[in-house]
Amino acid sequence: MRTRVCISVDTEFSIAGAFGRADRQPVGDPMVWCEVDGRSQGLGFLLEQFGKHDIPATFFVETVHRCHFRDDPMAPIARLIVAQGHEVQLHTHPCWAVFRHEDWRERVRQQPDQDDFVGRAEADTVALLRQGQAAFADWGVPAPTVFRAGNLQHDDALYAALARCGIPASSCIGLAVFDSHDPGYRLYSGTHWRHGVLELPVLTFQDWAVGGRQHLKTLTVAGSSFAEMRLVLERAHAVQLPLVVLLTHPFEYVQRRGDGMGTARVDALHQDRLARLCTFLDGARDRFLPVGMGDAAAALRAVPDERNVLLQGSAWLGMRRLVEGAVNDRYGHWALARRQVSA
Ligand SMILES: [Zn+2]
């Protein structure tokens, strides 16, 4: 059996520090395009790579930002993604809903956890999901069939709300990003029914273990080297995992100074990882099937894999990645500072 591979891209705008500081404004589509010297190094770069290697990806598009951005800058983005043959699915960050209120600054000060799904009342989540479904209808893109929560936060009420809204699948778990400590949601891999919704977790693997302690890593392009991604993919196929879900964001392909996109440069390390991943998947179609998440969920419904395998990475590769990342960050800081001085 080929292992399905879903590259998922959380596509969202940024509060950009506006909750904490009166002199800051949220940043809209520049966070998605990530232009450097007139060229899109975020979404544009991703679409180019996916197109070149014929890899259908899934873009989890945020919708609650419409409470702030009244001119709807995500609409043309969602339509472009669909026109290029990819899936758009629903991503929700509840924090944007506070912009419905004139006194949003006061509300944020009194209740800083605006973006939490954990502990949110089911009815409140249902309203957020319905807002997302309405946005997709307004944009003229297919209705969402997979949901991803902001910050990968989840609890029982979230799955119950998804079921009520008729959203059949979700990808809300990535244990190294968010761990609810509920054993029922300790999901590393596979496909799992929760409240009648099929959960397709972002893959979590173990990159090292010393003594009794293990370190978990959720599979992201920004957080894993190409060698690690390839190793985990090969090991997933070796144990016949039906599915591997990876996570990324458009803004991870540039290095930035500050919260917005004012000063940015290409992140060559991350771009190289994504390009190599796409080349690898394109050349390994005997073992891997790159596919959108809605398609994967529909195909795997009848044969869920609830083994919950925890794959092993490599401590050596993890160490090399940490060094590589530290060098990349330091060089980026230096180059951005120079860029700002000369601008
Ligand atoms: Zn997000």
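The name that an unreviewed UniProt entry assigns to the protein chain is Polysaccharide deacetylase, with the source organism given as Pseudoduganella lurida.

Colleague: Honestly, the nonpolar core in this entry has me stumped. Any pointers?
Modeller: Across soluble globular proteins, nonpolar side chains show a tendency to be buried alongside one another. Counting 79 residues, the largest nonpolar core has Phe50, Phe59, Trp139, Phe147, Leu274, Leu277 and Leu281 as the members making the most contacts within it. Per element, the largest residue contribution to this core is six residues, and it comes from helix α5 (residues 122-139). In terms of nonpolar packing, the next biggest core, distinct from the first, is built from 17 residues, Cys6, Phe178, Leu247 and Val291 among them.

Colleague: Honestly, the pairing of strand β12 (residues 243-248) in this entry has me stumped. Any pointers?
Modeller: Every regular strand shows the same layout, with side chains that alternate between the two sheet faces. Burial analysis of β12 places six of its six residues in the buried class, which makes it a mostly covered element. Relative to β12, strand β1 (residues 3-11) runs parallel, the two sharing six bridges. Within β12, the residue paired with Ile7 across the bridge is Leu246.

Colleague: Help me out: how do you make sense of the pairing of β1 in this one?
Modeller: Extensive coverage of β1 is indicated by the burial of nine of its nine residues. Along β1, one buried face is formed by Thr3, Val5, Ile7, Val9 and Thr11 and the opposite face, lined by Arg4, Cys6, Ser8 and Asp10, is buried too. Inspection of the sheet shows β1 paired to strand β15 (residues 288-290) by three bridges, in the parallel sense. Among the inter-strand pairings, Val5 is bridged to a residue of β15, identified as Pro290. Across four bridges, β1 lies against strand β4 (residues 58-62) in parallel orientation. Directly across from Asp10, in β4, lies its bridge partner Phe60.

Colleague: Explain unusual backbone geometry here, please?
Modeller: For residues that are not glycine, phi is negative in most cases, and the peptide bond is trans in most cases. Residue Cys34 is not a glycine yet carries a positive backbone phi of 55°. For Cys34, the position within the fold is in the loop between α1 (30-33) and β2 (35-36). Look at Asp37: it is not a glycine, yet its phi comes out positive at around 50°. Within the secondary structure layout, Asp37 lies in the loop between β2 and β3 (39-40).

Colleague: How should I be thinking about the UniProt feature "domain: NodB homology" (unreviewed entry) in the protein chain in this particular structure?
Modeller: The positions that UniProt labels "domain: NodB homology" (unreviewed entry) are, in the present scheme, residues 46-168. Within the segment residues 46-168, helix and strand shares are 41% and 12% respectively, and the terminal C-alpha atoms sit 27 Å apart.

Colleague: Got a minute to help me understand the pattern of salt bridges in this structure?
Modeller: It is possible for side chains of opposite charge to pair when their charged atoms get near one another. Per the stated rule, a full pass over the model turns up 18 salt bridges. In this structure, Arg39 and Glu48 form a salt bridge, with 3.0 Å as the shortest nitrogen-oxygen distance. Put simply, Arg307 and Asp305 hold a salt bridge, and the shortest N to O gap is 2.7 Å. Residue class for Arg307 comes out partly exposed when judged on its relative accessible area of 45%. Each member of the salt-bridge network shares a partner with another, and the members are Arg66, Asp72 and Asp138.

Colleague: Looking at this structure, how should I read the sheet that holds strand β11 (residues 213-218)?
Modeller: Sheet strands pair by backbone hydrogen bonding; their relative direction is either parallel or antiparallel. The strand order β11-β10-β16 describes an open sheet built from three strands, whose pairing is mixed. The open sheet has two edge strands with one neighbour each: β11 and β16 (311-312). Bridge analysis of strand β10 (residues 204-210) against β11 gives six bridges, and the strand direction is antiparallel. Across the sheet, the residue bridging to Trp208 is His215, located in β11.

Colleague: Sorry, what's going on with the packing of α5 against helix α6 (residues 156-164) here?
Modeller: When two helices pack together, their arrangement is given by the angle between the helix axes and the distance between those axes. At a closest axis distance of 9 Å, the pairing of α5 and α6 adopts a crossing angle of 50°. Comparing the axis directions of α5 and α6 gives the class oblique. Of the two possible hands of crossing, α5 and α6 adopt the one that is right-handed. Along its contact with α5, which presents Glu122, Thr125, Val126, Leu129 and Arg130, the element α6 presents Ala157, Leu158, Ala160, Ala161, Leu162 and Arg164. Of the residues assigned to the contact of α5 with α6, the class counts are seven nonpolar, one polar and three charged.

Rules used throughout
Residues numbered from 1 in each chain as written. Predicted model: local features only at pLDDT ≥ 70, side-chain atom pairs only at ≥ 80, totals over all residues. Heavy atoms only, no water. Core = buried A, V, L, I, M, F, W, Y, C linked by side-chain atoms within 4.5 Å. Buried < 20%, exposed > 50% of the residue type's maximum accessible area, 1.4 Å probe, protein only. Helix = DSSP H or I, 4+ residues; strand = E, 2+ residues; numbered from the N terminus. Pairing = 2+ DSSP bridges. UniProt positions renumbered as here; feature names shortened; annotations may be inferred. Salt bridge = Lys/Arg side-chain N within 4 Å of Asp/Glu carboxyl O. Axes fitted to C-alpha atoms, helices over the stretch in contact; angles between N-to-C directions. Parallel < 35°, antiparallel > 145°, perpendicular 65-115°, else oblique. Left-handed = near helix turned anticlockwise from the far one by under 90°. Contact = heavy atoms within 4.5 Å. Nonpolar A, V, L, I, M, F, W, Y, C, P; charged D, E, K, R; others polar.

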